[in-house]
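Overview (structure and organization)
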Number of protein chains: 2
Amino acid sequence: MTTVYLNGDFIAKEAAKLSVDDRGFVFGDGIYEVVRVIEGRIFAWHEHEARMARGLGAVRIPFGPSDVAGLEAVCNRLVADNNLRSGEATVYLQVTRGAAPRTHYFPPAGTPPTVYAATSKFTPSADMREKGIKAITFPDFRWARCDLKTVNLMGAVLARQAAHEYGAYEALLIRDGMLTEGAATNAFAVIDGVVRTYPLSNYILPGVSRMYAVESARAIGVTVSEDPVTEAEMRGAAELFIAGTTTDVAPIVSLDGTPVGDGTPGPVTRRVQKEFLKRLYGGG
Amino acid sequence: MTTVYLNGDFIAKEAAKLSVDDRGFVFGDGIYEVVRVIEGRIFAWHEHEARMARGLGAVRIPFGPSDVAGLEAVCNRLVADNNLRSGEATVYLQVTRGAAPRTHYFPPAGTPPTVYAATSKFTPSADMREKGIKAITFPDFRWARCDLKTVNLMGAVLARQAAHEYGAYEALLIRDGMLTEGAATNAFAVIDGVVRTYPLSNYILPGVSRMYAVESARAIGVTVSEDPVTEAEMRGAAELFIAGTTTDVAPIVSLDGTPVGDGTPGPVTRRVQKEFLKRLYGGG
């Protein structure tokens, strides 16, 4: 039996049911996180916690920083109750503006947010890590607040589906001629030995793995420039890679069917990945 | 007791519960409609039906045109079962890509969509119709597929909340210096006697009421131009109005605290509104 958390209760997943008036369902009016758990230890909890609190604050869902902090214990209990304290797991967390009669504006003060968390066993893909992934490009027609991790994810859904049908893992999104990020990861190019990635702004998610990838690159003496990569630069890049909570640092070996570099994981990517994994498994 | 429709069943609203894995909740992966019911008759059903079928097709939720057509009977039964065959009502309809383990890409073929419908008593606001509404302006930072009526509505939620806090009814959205539409209505300006509105495109919803407003204006000899209104033109317009399923044609008498024209509903708006209401109540 899988145990999940919903609004204060640890219950069987089958028993966890939402109101049809939940604003997550009706408006996509919620914020989520996915965290990685390694041998019972949550990786980078504080970074995820801070991002979630910031997002909830930005859209003014009344679930404050101390409430978000309390979710750490929820994650730990879910991991324990579901026998996931050994090996790896992920925890999905979502907070919406609650259930209330439908109005676009916020529901009455006092409407309790919906708070949901669930954990799953996770096995990192050795293939993705060692052999790399295929990617496609896709137009970035998402809204202009991609820095907020809301559940308004239709753009990402359509992009990932296009990738999936192509036999690729990720879709790299192009806005105004620039590579912004992947549909569910941050994206990087290695050009003239420099790791380039879109700057933190309203157009990309401030990825926790992005931050660790940047830190890892700098730690091994690789220059990182938060300078947007044009589509042409991307297509000519020596190396491309993505970073995310369930991908770690993964090399991109093919883009839109064309090999990236020589079609194998590039040397800079491998070094950054190695340093990244040291942080991930060494204690974040 | 309120009866709603969920996945084939007509049940008490309290009993209508969603899976925490519903892709509406997790991804905003759904399409919705709101229809108006007058004395038991659905207004403009075929227009709403066609738009919903088009939207579901565009995002490839497997609920085809004949399935959507079948929702007309669902609406009629909900109206009857909830004793709403006299007076006015609205029916809310939502179809999501169903409940499945979370992947950004589509769930396995055969995953049944979630189909939900609910009706409510509705009383048009005489004040809105006669005295007009206040509006504010708000940045249009929504995605670039506003022609699809998805539940990715966070942008609209934040805009409407800003209006609500200002004591206004609607937020007029500005993208690239142009008035696109309201957060949940289409928007119109009367400039030099011509009704101007944003052209049908990926940046606005093809509103059913928009279409009836345009048709009404033309029927009484008013020229309509689907030519974007700049922010400056909007602020200098003699008249402004909105159109939507629960607003009908409503004059805007104040924008960002400044009177529109002389601060009362304008003559062109009143004539268009009169013709619109004739269509609405005369049999659409």
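Residues numbered from 1 in each chain as written. Chains lettered and ligands numbered in written order. Predicted model: local features only at pLDDT ≥ 70, side-chain atom pairs only at ≥ 80, totals over all residues. Heavy atoms only, no water.

**Observations concerning the overall build of chain A**
- Looking only at helices and strands, chain A has nine helices and 17 strands in total.
- For a compact globule of 284 residues, the expected C-alpha radius of gyration is about 19 Å, and chain A comes in at 19 Å, within 12% of that figure.
- Seen along its three principal axes, the alpha-carbon backbone of chain A occupies a region of about 55 × 40 × 35 Å.
- Within chain A, buried positions represent 60% of all 284 residues.
- Looking at chain A alone, contacts between residues at least 24 apart form 71% of all its contacts between residues at least 6 apart.
- Of the charged side chains in chain A, 30 are positive and 32 negative; the average position of the first set lies 1 Å away from that of the second. (Helix = DSSP H or I, 4+ residues; strand = E, 2+ residues; numbered from the N terminus. Rg over C-alpha atoms; globule rule 2.2 N^0.38 Å. Buried < 20%, exposed > 50% of the residue type's maximum accessible area, 1.4 Å probe, protein only. Contact = heavy atoms within 4.5 Å. Lys, Arg positive; Asp, Glu negative; His and termini not counted. Charge placed at Lys NZ, Arg CZ, Asp CG, Glu CD.)

**Quick notes on helix α7 (residues 208-219) of chain A**
All names here are of chain A.
- With 12 residues, α7 should reach 16 Å at 1.5 Å per residue; the first-to-last C-alpha distance of 16 Å fits that figure.
- Among the residues of α7, Val-208, Ser-209, Arg-210, Tyr-212, Ala-213, Val-214, Ser-216 and Ala-217 are the ones counted as buried.
- Considering only its buried residues, α7 is in contact with α2 (45-58), β11 (186-191), β13 (224-225), β15 (239-244), β16 (248-255) and α9 (267-282). (Expected span 1.5 Å × (residues − 1).)

**Some remarks on the domain arrangement of chain A**
All names here are of chain A.
- Split into domains, chain A comes out as domain 1 (3-121) and domain 2 (126-282).
- Here the C-alpha centre of domain 2 lies 26 Å away from the C-alpha centre of domain 1.
- With 25 residues of domain 1 in contact, the opposing surface of domain 2 contributes 21 residues.
- Summed over both partners, the interface of domain 1 with domain 2 comes to about 1900 Å²; 61% of that surface belongs to carbon and sulfur atoms.
- Where domain 1 touches domain 2, the interface holds two salt bridges.
- At the junction of domain 1 with domain 2, the criterion picks out 11 residue pairs in polar contact (both at pLDDT 80 or more).
- Going through the elements one at a time, β4 (30-38), α2 and β6 (88-96) are the ones with two or more residues in the side of domain 1 that touches domain 2.
- Of all the elements, β4 adds the most residues to the side of domain 1 that touches domain 2, at eight residues.
- Residue composition of the side of domain 1 that touches domain 2, by class: 11 nonpolar, six polar and eight charged. (Domains from an automatic or database assignment. Buried area = accessible area lost by both parts, 1.4 Å probe. Salt bridge = Lys/Arg side-chain N within 4 Å of Asp/Glu carboxyl O. Polar contact = N/O pair within 3.5 Å; in protein donor to acceptor, adjacent residues only side chain to side chain. Nonpolar A, V, L, I, M, F, W, Y, C, P; charged D, E, K, R; others polar.)

**Some words on the environment of Leu148(A)**
All names here are of chain A.
- Tracing the backbone through its elements, the reader meets Leu-148 in the loop between β8 (133-139) and α6 (154-166).
- Looking at Leu-148, the relative accessible area reads 5%, which means it is buried.
- Along the backbone, Leu-148 and Asn-202 are 54 residues apart, and their C-alpha atoms lie at a distance of 8.1 Å.
- Residues within four places of Leu-148 in sequence aside, it is in contact with Arg-54, Gly-55, Ala-58, Val-59 and Leu-205.

**Description of the relation of the copies chain B and chain A**
- Taken as rigid bodies, chain B and chain A are interconverted by a rotation of 180° and an axial shift of 0.0 Å, the fit giving an RMSD of 0.0 Å. When the rotation and shift are considered jointly, the pair of chain copies conforms to a two-fold rotation axis. (Least-squares fit on C-alpha atoms with pLDDT ≥ 70 in both.)

**A short note on the sheet that holds strand β7 (residues 114-121) of chain B**
All names here are of chain B.
- Sheet architecture is open: six strands sit in the order β2-β1-β7-β6-β4-β5, paired in antiparallel fashion. Looking at strand neighbours, the two that pair on one side only are β2 (9-12) and β5 (41-42), the edges of this open sheet.
- Pairing of strand β4 (residues 30-38) with strand β6 (residues 88-96), which is carried by nine bridges, proceeds in the antiparallel orientation. Along β6, the bridge assignment pairs Ile-38 with Glu-88. (Pairing = 2+ DSSP bridges.)

**Looking at the packing of α2(A) against α7(A)**
Residue and element names in this part refer to chain A.
- Direction vectors running N to C along α2 and α7 enclose 130°, while the axes themselves pass 10 Å from each other. By the angle class used here, α2 and α7 are oblique. In this structure, α2 uses Glu-47, His-48 and Arg-51 to contact α7, whose residues at the interface are Val-208, Met-211 and Tyr-212.
- Here the contact of α2 with α7 is composed, by residue class, of three nonpolar, one polar and two charged. (Axes fitted to C-alpha atoms, helices over the stretch in contact; angles between N-to-C directions. Parallel < 35°, antiparallel > 145°, perpendicular 65-115°, else oblique.)

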